[in-house]
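# Tertiary structure, described
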Amino acid sequence: MSAIAQPSAELPRVPNPVQITALLLAMTAIVLLAASVLMISLKQLLLFGIGIGLGMSLYHAAFGFTGAYRRAMLEGDISGVTAQLIMLAVAVLLFAPILAQGEAFGRGVGGAVAPVSLSMALGAFLFGIGMQLGGSCASGTLFAAGGGGLRTLLVLVFFCIGAFWGSLDLAWWSQLPGVGSVSLSEHLGWEIALPLQLSALMLIYGALRFFGGTQKRPLWDIGHFRWQTLLRGPWPLLLSALLLALFNWLTLLVAGHPWSITWAFSLWAAKAAVFAGWDPATSGFWSGGFQQAALERSVLQDVTSVMNFGIILGAFLAAALAGRLVKPAGIALRSLTAAVLGGLVMGYGARLSYGCNIGAFFSGVASTSLHGWVWIACALPGNYIGVRLRPFFRL
């Protein structure tokens with residue numbers, strides 16, 4: 001991720017002063033929004049709180065997918081990728097008993113299982129390119145925007161536009177060949193799917209080390225971790241990896257499905273389009289019952305939107321506590337162009353591939369969905385091309 005998108009990565013050992021004004025603003029916004037979502041339901045309030053925890057976890061460890069892949073490709077540094085593998089392994093173990101039972105607290109739960117197709121593969125590939133041009137992934141865009149990244153706010157706007165654009169074209173893309181949704185646990189049984197996935201994660205780590213990968217950033221810097229670090233950061237990569245797995249599991253328990261992000265981006269842009277005069281009846285995708293209901297309701301009734309707001313505010317709170325809230329600065333034209341293109345491509349790709357690095361990859365693998373594995377296999381070549389394109393935009 002870019003320097004703006006990972007503000008905590010370079011935190012000095014002597015903390016910056018807390019940004020009091022920003023801290024008060026963040027806390028006020030959190031309290032007001034919490035009161036609003038509580039009026040809807042306790043469930044929405046819990047999900048908002050989970051979102052805040054996710055935002056702080058992502059920000060304080062600069063836990064980004066984009067920068068992790070770029071460092072692995074250019075420097076052989078697999079620290080971030082190793083943290084992701086641990087996160088996935090823990091999530092798989094946490095998800096397994098809940099998904100095997102099919103319910104939690106008397107309510108049905110379901111994993112993030114989506115179709116595998118040529119259009120899905122293309123979408124993941126495009127998303128990979130967009131990650132490197134935009135300088136952030138879906139989760140990275142949210143926490144970097146919360147941290148004050150002006151360029152990332154532009155990425156977010158065009159991410160939403162791209163996701164909406166993709167929804168309008170989805171019917172055509174869905175006609176391409178595919179094998180449908182494949183849940184490894186349903187096809188093979190949990191007694192095979194669970195060890196198979198854990199073995200795959202260990203094999204990936206072994207292959208990375210065999211081909212020269214090294215961990216240049218410690219997963220846990222014991223010597224410098226203090227209790228104050230929990231509030232002000234920076235957090236060890238391992239701590240954030242474990243918390244992200246835990247928060248995704250909590251999302252499964254509370255929402256009935258795993259963590260996702262990009263559906264809300266499509267929804268926000270569609271609501272803006274309706275306000276501008278667009279008729280949802282002209283789109284097959286937005287004529288569906290779920291989509292129509294989402295357009296008619298407040299965004300605070302939408303699970304993904306409420307969690308996204310929590311992530312942004314959680315990152316805002318963390319940045320203020322760390323004294324690292326990014327102040328607006330001039331951005332070069334080429335960098336702005338890359339932000340626009342990156343946002344559009346990520347949004348369009350996410351819609352085609354039924355999710356992003358979170359909803360498709362993280363939650364998909366945790367749910368034993370073949371789609372999650374195919375997604376990352378297609379997104380990584382896209383990341384490689386995106387890395388090669390970055391110098392043209394002087395990134």
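A quick note: this is a predicted structure, and the numbers were derived from the prediction, not measured.

## Notes on the overall build of the protein chain
Scanning the protein chain from N- to C-terminus turns up 17 helices and 4 strands. The globule rule puts the C-alpha radius of gyration for 395 residues at 21 Å, and the 20 Å found for the protein chain is close to it. Projected onto the principal axes, the alpha-carbon positions of the protein chain cover approximately 55 × 50 × 50 Å. Counting across all 395 residues of the protein chain, residues that qualify as buried make up 55%. Residue pairs in contact within the protein chain that sit at least 24 positions apart in sequence constitute 82% of those at least 6 positions apart. Looking at the protein chain as shown, the accessible area adds up to about 16,200 Å², and 71% of this sits on carbon and sulfur atoms. Separation between the mean location of the 20 positive side-chain charges and that of the 11 negative ones in the protein chain comes to 14 Å.

## So, the side chain of Asp77
Within the secondary structure layout, Asp77 lies in the loop between helix 3 (65–75) and helix 4 (79–101). Arg71 is the oppositely charged side chain nearest to the buried, salt-bridge-free Asp77, at an N-O distance of 4.2 Å. In this structure the side chain of Asp77 is engaged in a polar contact, spanning 2.6 Å, whose partner is the side chain of Ser79. Among the polar contacts listed, one links the side chain of Asp77 to the backbone nitrogen of Lys216, at a separation of 3.1 Å. Discounting residues that sit within four places of it in the chain, Asp77 has contacts with Ala68, Arg71, Ala72, Thr214, Gln215, Lys216 and Arg217.

## Structural notes on unusual backbone geometry
In the segment running from Gly233 into Pro234, the intervening peptide bond is cis, with an omega of -5 degrees. One can find Pro234 in the loop between helix 10 (229–232) and helix 11 (237–255). Look at Ala62: it is not a glycine, yet its phi comes out positive at around 45 degrees. The residue Ala62 is located in the loop between helix 2 (42–60) and helix 3 in this model. Unusually for a residue other than glycine, Arg394 sits at a positive phi of about 55 degrees. Topologically, Arg394 is positioned in the segment after helix 17 (370–389).

Procedures and definitions
For every chain, the first residue of the written sequence is number 1, and numbering continues from 1 onward in sequence order. Per-residue local features are limited, in this predicted model, to residues with pLDDT of at least 70; the limit for side-chain atom pairs, both in listing and counting, is 80 or more; totals at the level of whole chains, interfaces and linings are taken over all residues. Hydrogens and waters are ignored; side-chain quantities use all the structure's heavy atoms. Note on conventions: DSSP H or I runs of at least 4 residues are helices, E runs of at least 2 residues are strands, and numbering of each starts at the N terminus. A radius of gyration in this sense is built from C-alpha atoms; the matching globule rule multiplies 2.2 Å by the number of residues raised to 0.38. The cut-offs for exposure are 20% and 50% of the maximum accessible area for each residue type, with area from a 1.4 Å probe on protein chains only; residues under the lower value are buried, those over the upper are exposed, and the others partly exposed. Contact definition: two residues touch when any of their heavy atoms are within 4.5 Å. Only the protein chains shown count as covering a residue, and every accessible area follows the Shrake-Rupley method with a 1.4 Å probe. When charges are counted, neither His nor the chain ends are considered; positive counts come from Lys and Arg and negative counts from Asp and Glu. Lysine's charge is taken at NZ, arginine's at CZ, aspartate's at CG and glutamate's at CD. Salt bridges, as used here, are contacts in which a Lys or Arg side-chain nitrogen is within 4 Å of a carboxyl oxygen on Asp or Glu. Here a polar contact is taken to be a pair of N or O atoms separated by no more than 3.5 Å, where protein atoms must pair a possible hydrogen donor with a possible acceptor and residues adjacent in sequence count only if both atoms sit in side chains.

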